[in-house]
Every structure is written in C-alpha cells, then in structure tokens.
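# A look at the structure
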Amino acid sequence: MEKAIEAVNLTKYYGSFLAVDGVSFSVKSGEVFGFLGPNGAGKTTTIRMVTGLLRPNSGEVRVLGCNMLDEREKIRAREKTGIVPEMANPYVDLTAMQNLRLMGELYGMSKAEIEKRSLELLREFGLYEKRNVKVRGFSKGMRQRLIIAMAMVADPELYFLDEPTSGLDVISARLIKDVIREEKRAGKTIFLTTHNMDDANELCERIGIIRRGKLIAIDTPEKLKQLVKGRVSVEVSFEPMKFDPSVLSSALKVEPMGDKVKIYTKDPDKTVKELVRYAEREKLRIVSLRTLSPSLEDVFMELVGGRND
Amino acid sequence: MIDQLKRSFAVAKKDMLIFYLKGPVVIMGLLFPFFLFLAFLIGRNLPDEQLFVGLTAMTAFFTSTAVGPTIIPWECRGRTFERLITAPVSLTTVLLGDFQASLYFGLAITFAIAVPAVLYFSLGLGWVIFITATLLAVGTFSAMTVLLSSYPPTDVPADVMMLTSLAKFSLLFISGIFVPLEKLPSYGRLVSYISPLTYYVDALRHSLGRGYLPLWIDLGMLVLFGIAFFFAGVAVHKRVLEKRFT
Ligand SMILES: Nc1ncnc2c1ncn2[C@@H]1O[C@H](COP(=O)(O)OP(=O)(O)OP(=O)(O)O)[C@@H](O)[C@H]1O
Ligand SMILES: [Mg+2]
C-alpha cells in the first residue's frame with residue numbers, strides 16, 4: 001500500500017533545546033494513525049514539521065508524494081490536506097459561513113462548490129442555525145466543530161488533527177470521533193494527536209508514542225498492549241469501603257481510585273479469591289468486582305515511565 | 001501563480017471584513033490624519049495648493065499604513081495565523097493579501113477625500129499625474145506596512161503599533177509637507193530623500209504644476225521603494241516565521 005506520510009529522521013532544535021530527535025515513521029494511505037506522548041514530548045513540533053510549517057534541522061518528510069521541504073511541492077500537498085492546528089481558532093469577527101468560505105477560497109474551490117459543501121458541513125456539525133452568527137458568540141465546542149469543518153471544506157485526502165477533542169464535552173467529542181470514523185470509511189488518511197487513551201484506542205489502527213522528542217514505540221494498539229501483558233488488574237469496591245492491602249499476597253501494586261481500589265496482579269484468579277475471602281471475613285458487601293486486561297493507558301504509563309517531562 | 005493571486009485576494013477580503021472596523025484602525029487611519037491636518041491648517045495662512053497637497057499626502061500616508069502592520073500580530077494573538085498559513089498558500093501570498101487590504105483601504109479613502117477637496121478649492125489639477133502618483137504612493141505605503149509588520153515577531157498589536165507610529169512620524173516630518181523641499185537647507189533636503197513620502201508630496205505638487213524634483217524621479221522612487229519594501233518585508237517575515245508559533 002502506498003504511503004501518505006513518510007518522515008525520516010526528523011530533528012528539531014529550538015535554540016539549543018532538542019525538541020524532536022530523529023523521529024522516523026510512515027503512515028499508510030487510508031490509515032488512522034495516533035500520536036501519543038506526554039505534554040512537551042514534541043507532538044506538535046512533529047506535526048508542524050510534517051505539514052511544512054517548521055523546517056526540520058535535519059531529516060526528510062514526504063506527504064502524499066510531495067517533498068515538504070520544497071515550497072512548491074508543499075503547497076501541492078496542502079491542497080489535498082486538511083489541518084487542525086493545536087488550539088486554533090476560527091476568525092471570531094467572521095460568521096461561521098464566512099470562515100468556511102475563506103477556507104474554500106484558499107483551497108481554490110469554485111463559489112458554487114464552496115456554498116454547497118459549506119452548508120452540508122454546517123448541517124453535519126450542528127451549526128446550520130448559527131451559520132450567519134459571528135463566531136465571537138460561539139462556545140468552545142462550537143468553535144472546535146467549526147475548525148474541523150473548515151479543515152474538511154476541500155474534502156482533503158489527508159487530515160492532521162492536533163488534539164481535536166481536547167476540552168470538549170462528551171457529545172461534541174463523540175461527534176468529532178464519529179466524523180473521524182466516517183472520513184476513515186471514505187478512505188481518508190488521518191494523523192491525530194490526543195491525550196485521551198480511550199479515543200486513541202477506539203480510533204487508531206496504529207499508534208506512535210513519543211517521549212522527550214524520541215519515538216519510543218510504534219505499533220497497533222493491541223500489539224502495544226502485549227508489551228505489558230503481565231499487567232492484568234482487578235478493580236473492586238466494597239460497602240462500607242475499607243481495604244487492607246496486606247491481606248493480598250498476590251498483588252503487585254495497589255492503587256486506591258475514588259470509591260474503588262485497583263490491584264495489579266500476575267494471578268487474577270488468586271487475587272479475586274483473596275478479595276472474596278477478605279469481604280466475607282470483614283462482613284463487607286461487594287458492590288463491584290471486575291478484572292481488567294491491560295489498557296493503552298497502562299502501556300503509556302509503562303513506556304513513558306509515569307513521569308511528565 | 002494565478003491561483004495564488006486569487007487566493008491572496010481571499011486573504012485581502014478577510015482582512016477587510018475583519019480589520020477595518022477595529023478601533024485602532026479607525027483612529028490611526030481616519031481621525032488621526034484629520035486632527036493632524038487641522039493642526040497644520042489652523043493659524044497659518046496657507047495657499048490652497050499647499051493645503052491640498054498636505055491633506056492628500058497625509059490621508060494617503062495614514063490610511064494606507066493604518067491596517068497593515070497589526071494584521072499578523074492580531075492573527076497570532078487570535079490564534080488564527082497557523083490555520084491561515086497551513087492552507088495551500090505561500091507566506092508571500094498571505095502577505096500579498098495583507099498588502100492589498102491596505103492598498104484598497106488607502107485608495108478608497110484617499111480618493112474620497114482628495115477629489116472633493118480638488119472641487120472645493122477649484123484647483124487646476126493634472127489628473128493623470130495625480131492619479132498615477134496616488135496609485136503608486138498608496139502601493140508604496142502599503143508595501144511599507146509589510147516590512148513594518150515583520151519585526152519584531154510579536155503577538156501584541158500595541159507593540160507594533162508603537163514602533164510603526166514612531167517610524168511614520170519620523171517620515172512625516174522630513175517629507176516636505178510642512179516645509180516645501182526648495183525651502184529646506186541642503187542637509188534637510190538630503191534627509192528628506194530617504195522618505196518615500198517626499199516623492200509623493202513632490203509628485204502631487206507636479207500635478208498642480210510645480211514640483212521640485214523631476215517627475216520621473218518622483219514616480220521612479222515610489223516604485224523602487226515599493227518593491228524594496230515588499231521584498232524586504234517578505235524576506236524578514238520568512239526569517240522570523242518560526243518564532244511566531246509558540
Ligand atoms: N516555539 C518554541 N520555542 C521554544 N521551545 C519550544 C517551542 N515550541 C515548543 N517548544 C518546546 O519543545 C518541546 C516540545 O513541544 P511540543 O509543543 O511539540 O510538545 P507537545 O508534545 O505537542 O506537547 P503538548 O501535549 O503539551 O501539546 C517542549 O519542551 C516545548 O517547551
Ligand atoms: Mg501539542
């Protein structure tokens with residue numbers, strides 16, 4: 001399958017600070033690729049290099065077959081690319097419709113095409129009634145939906161979404177995730193960053209994890225989970241809630257979590273039995289008890305090391 | 001090429017929709033030259049010709065430099081710039097769009113003020129010279145804003161505003177508006193030659209029949225300044241572009 005994005009050895013310094021260090025990866029066309037990493041790891045910097053906004057100090061990058069270090073080729077690639085920068089805003093002094101129209105014109109679409117496509121998107125994103133209202137009066141979620149609609153005006157083949165769902169309520173986030181899935185079904189390639197492990201798990205076919213500017217893992221979510229296969233956990237909640245970790249001989253680590261405790265274990269069978277015996281002895285009611293296989297979050301914590309740098 | 005030109009017009013349209021109604025633009029572009037002109041007028045018994053030249057030159061100079069310098073800082077502050085610059089347009093296209101916004105605003109207001117003034121003073125005006133010089137001058141001043149907006153790469157419009165005002169006033173006072181070129185001492189005249197406004201003022205006086213420098217020099221210098229400003233502006237913008245993303 002052909003490659004939509006190919007990055008080789010991307011390196012970026014800010015002054016003497018090495019923000020991205022020899023990052024190489026490729027994204028197949030039609031794939032949803034997730035880029036994860038703690039704050040300041042270099043995700044945005046990488047996206048900016050791949051989209052041709054920042055010039056890498058060294059390395060190469062091709063997007064849709066175009067060399068992003070060449071001015072002309074870069075523009076050719078961008079005509080087929082929709083970009084949602086991190087924390088970007090629409091123009092607040094323009095209406096939703098004017099914002100979409102501007103994007104359409106920048107992508108060189110005809111008037112008729114722009115009108116048709118804009119109205120379609122406004123309906124899809126639940127902004128149709130507000131299309132002639134200045135964006136200044138929009139909530140954060142509405143603005144974010146508009147920003148994504150703006151990236152979609154030209155019906156691009158490839159999307160770069162830098163934290164598209166950050167700070168949104170469940171409904172807006174869901175809407176955006178549905179749009180991403182729909183675009184994927186239509187054969188589009190999507191490169192996204194997020195801090196939400198569940199989103200990454202649900203949406204992405206492949207995931208890259210970056211830490212301190214270095215790409216430390218890149219694989220499918222399920223294969224990444226194999227990396228921490230031992231880390232099965234048991235989650236239990238008692239009533240009244242009390243718990244003494246010393247009664248468990250099988251626990252690797254115990255984490256209190258709100259009205260529950262999460263117990264990491266190598267032997268879930270033994271842990272569950274110990275918990276039940278403990279509840280009987282202490283006359284506690286078991287409100288919930290479940291075993292969890294390792295999540296992407298566990299993988300992330302394992303790889304990133306629980307430290308935020 | 002044609003595509004990028006069309007897209008630069010989309011950028012200009014956006015600028016006009018957004019920036020012409022902002023307070024600082026109205027103040028620096030319209031009210032300010034008006035009061036300056038009053039100050040220039042009151043208490044001096046100036047001939048109609050000199051009034052017309054002063055009024056037109058100040059209007060052209062202030063209106064065409066009112067919007068430009070702050071557009072990009074505003075965009076950075078509003079977090080719209082990254083979205084704009086990652087569209088399929090080059091930085092030059094975006095700057096060409098911002099240039100056009102200044103140009104159209106400057107031309108519209110300058111003609112709206114100057115034409116009634118000609119009729120009011122009933123001046124014998126050489127229209128061809130007047131129109132040519134005004135087109136070139138407003139173009140040059142608009143190109144100047146491309147350079148003025150390029151450094152420092154800040155997202156605080158007020159910072160740029162202050163530096164531009166400084167530059168604009170320095171130029172205003174050395175440009176033969178308040179004292180005609182021929183009455184300046186020779187060192188003063190030398191200083192005035194570094195200001196593009198000087199050549200517009202002189203060209204305006206040509207349109208009334210009495211310039212000091214040859215007309216072709218006036219027009220030629222406006223073109224040269226305009227080209228130099230634009231390309232220097234683009235070059236500086238390119239250099240500092242990465243500093244704008246934080
Ligand atoms: N313009 C800049 N100048 C100097 N340093 C910068 C600049 N932009 C980013 N950095 C530094 O580079 C590193 C990577 O930043 P980047 O924005 O790429 O991180 P990120 O992974 O996107 O983080 P987040 O999850 O918080 O968005 C950070 O340490 C940051 O402080
Ligand atoms: Mg980021």
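Anyway, here's the lowdown on the structure attached to this text. If you're wondering where the values come from, they're calculated on a predicted model, not measured in any experiment.

It is worth spelling out helix H2 (residues 71-78) of chain A at this point. For H2(A), the set of buried residues is Lys74(A), Ile75(A), Ala77(A) and Arg78(A). Along H2(A), the residues classed as buried sweep out an arc of 160° about the axis, all on the same side. The secondary structure elements touched by the buried residues of H2(A) are strand E4 (58-63), strand E5 (66-67) and strand E6 (81-84) of chain A together with helix H1 (2-19) and helix H5 (81-85) of chain B. With a side-chain oxygen positioned 3.1 Å from the backbone nitrogen of Arg72(A), the residue opening H2(A) is Asp70(A).

The next point concerns the sheet that holds strand E10 (residues 214-219) of chain A. Residue and element names in this part refer to chain A. Taken together, six strands build an open sheet; the order of strands is E6-E7-E8-E3-E9-E10 and the sheet is mixed. Sheet topology places E6 and E10 at the edges, where each strand pairs with a single neighbour. Direction aside, neighbouring strands of the sheet carry axes that sit 15° apart on average. Alignment of strand E3 (residues 32-36) against strand E8 (residues 189-193), held across four bridges, turns out to be parallel. Bridged to Val 32 within E8 is Ile 190. Here helix H5 (residues 140-152) sits on the sheet and contacts E6 and strand E7 (158-162); the angle it forms with E6, its principal contact strand, is near 160°.

Residue and element names in this part refer to chain A. By secondary structure assignment, the location of Ser 233 is in strand E11 (residues 232-239). Of the residues examined, Ser 233 reaches a relative accessible area of 1% and is grouped as buried. Sequence-distant contacts of Ser 233, defined by excluding residues within four places in its chain, comprise Lys 262, Ile 263, Tyr 264, Arg 290, Thr 291 and Leu 292.

Once that is clear, we can look at the pattern of salt bridges. All names here are of chain A. Across all of its chains, the model carries 32 salt bridges over all chains by this definition. Between Arg 117 and Asp 155 there is a salt bridge, and its shortest N-O distance comes to 3.9 Å. Taken together, the residues Arg 117 in helix H4 (residues 111-124) and Asp 155 in the loop between H5 and E7 connect sequence positions 38 residues apart. A relative accessible area of 44% means that Asp 155 is categorised as partly exposed. Put simply, Arg 290 and Glu 235 hold a salt bridge, and the shortest N to O gap is 3.0 Å. With Arg 290 in strand E14 (residues 285-292) and Glu 235 in strand E11, this pair connects stretches of sequence that are 55 residues apart. Relative accessible area serves as the criterion here: at 5%, Glu 235 is assigned to the buried category. Salt bridges here are not isolated pairs; linked through shared partners, they connect Arg 174, Lys 177, Asp 178, Arg 181, Asp 199 and Glu 202.

To continue, consider the interface of chain B and chain A. Chain B puts 25 residues into the contact, and the matching count from chain A is 29 residues. Regarding the contact of chain B and chain A, the summed buried area is about 2,700 Å², with carbon and sulfur atoms giving 59% of it. Interface area lost by chain B to chain A is led by Arg79(B), Arg83(B) and Pro88(B), which between them contribute 27%. The interface formed by chain B and chain A contains four salt bridges. Linking Arg7(B) and Glu79(A) is a salt bridge whose minimum nitrogen-to-oxygen distance equals 2.8 Å. Summed over the shared surface of chain B and chain A, the number is 12 residue pairs in polar contact (both at pLDDT 80 or more). At the level of secondary structure, the elements contributing two or more residues to the side of chain B that touches chain A comprise H1 and H5 of chain B. Among the elements that make up the side of chain B that touches chain A, the one with the highest residue count is H1(B) (eight residues). Here the side of chain B that touches chain A is built from residues that sort into 10 nonpolar, six polar and nine charged.

The subject of this paragraph is the layout of surface pockets. Space inside the largest pocket adds up to approximately 510 Å³. If you go around the largest pocket, you meet 15 residues; those closest to its centre are Arg72(A), Ile75(A), Met1(B), Gln4(B) and Ser90(B). Elements that contribute at least two residues to the lining of the largest pocket include exactly H2 of chain A together with H1 and helix H6 (91-121) of chain B. Per-class residue counts for the lining of the largest pocket are four nonpolar, four polar and seven charged. Considering only enclosed or pocket space, the second largest pocket measures out at about 340 Å³ in volume. Lining the second largest pocket are 17 residues; nearest its centre among them are Gly52(A), Leu53(A), Glu71(A), Lys74(A) and Leu241(B). Of all the secondary structure elements, the ones that give two or more residues to the lining of the second largest pocket are H2 of chain A together with helix H11 (215-240) of chain B. Per-element tally for the lining of the second largest pocket: the top contributor is H2(A), with three residues. A breakdown of the residues in the lining of the second largest pocket according to their chemical character gives eight nonpolar, two polar and seven charged.

Reading the values: rules and limits
Residues numbered from 1 in each chain as written. Chains lettered and ligands numbered in written order. Predicted model: local features only at pLDDT ≥ 70, side-chain atom pairs only at ≥ 80, totals over all residues. Heavy atoms only, no water. Buried < 20%, exposed > 50% of the residue type's maximum accessible area, 1.4 Å probe, protein only. Helix = DSSP H or I, 4+ residues; strand = E, 2+ residues; numbered from the N terminus. Arc of directions from axis to C-beta. Contact = heavy atoms within 4.5 Å. Polar contact = N/O pair within 3.5 Å; in protein donor to acceptor, adjacent residues only side chain to side chain. Pairing = 2+ DSSP bridges. Axes fitted to C-alpha atoms, helices over the stretch in contact; angles between N-to-C directions. Salt bridge = Lys/Arg side-chain N within 4 Å of Asp/Glu carboxyl O. Buried area = accessible area lost by both parts, 1.4 Å probe. Nonpolar A, V, L, I, M, F, W, Y, C, P; charged D, E, K, R; others polar. 1 Å grid on protein atoms, 1.4 Å probe; cavity = no way out; pocket = protein on both sides within 12 Å on 5 of 7 lines; lining within 4 Å. Points joined across faces, edges and corners; volume = space filled by probe spheres on them.

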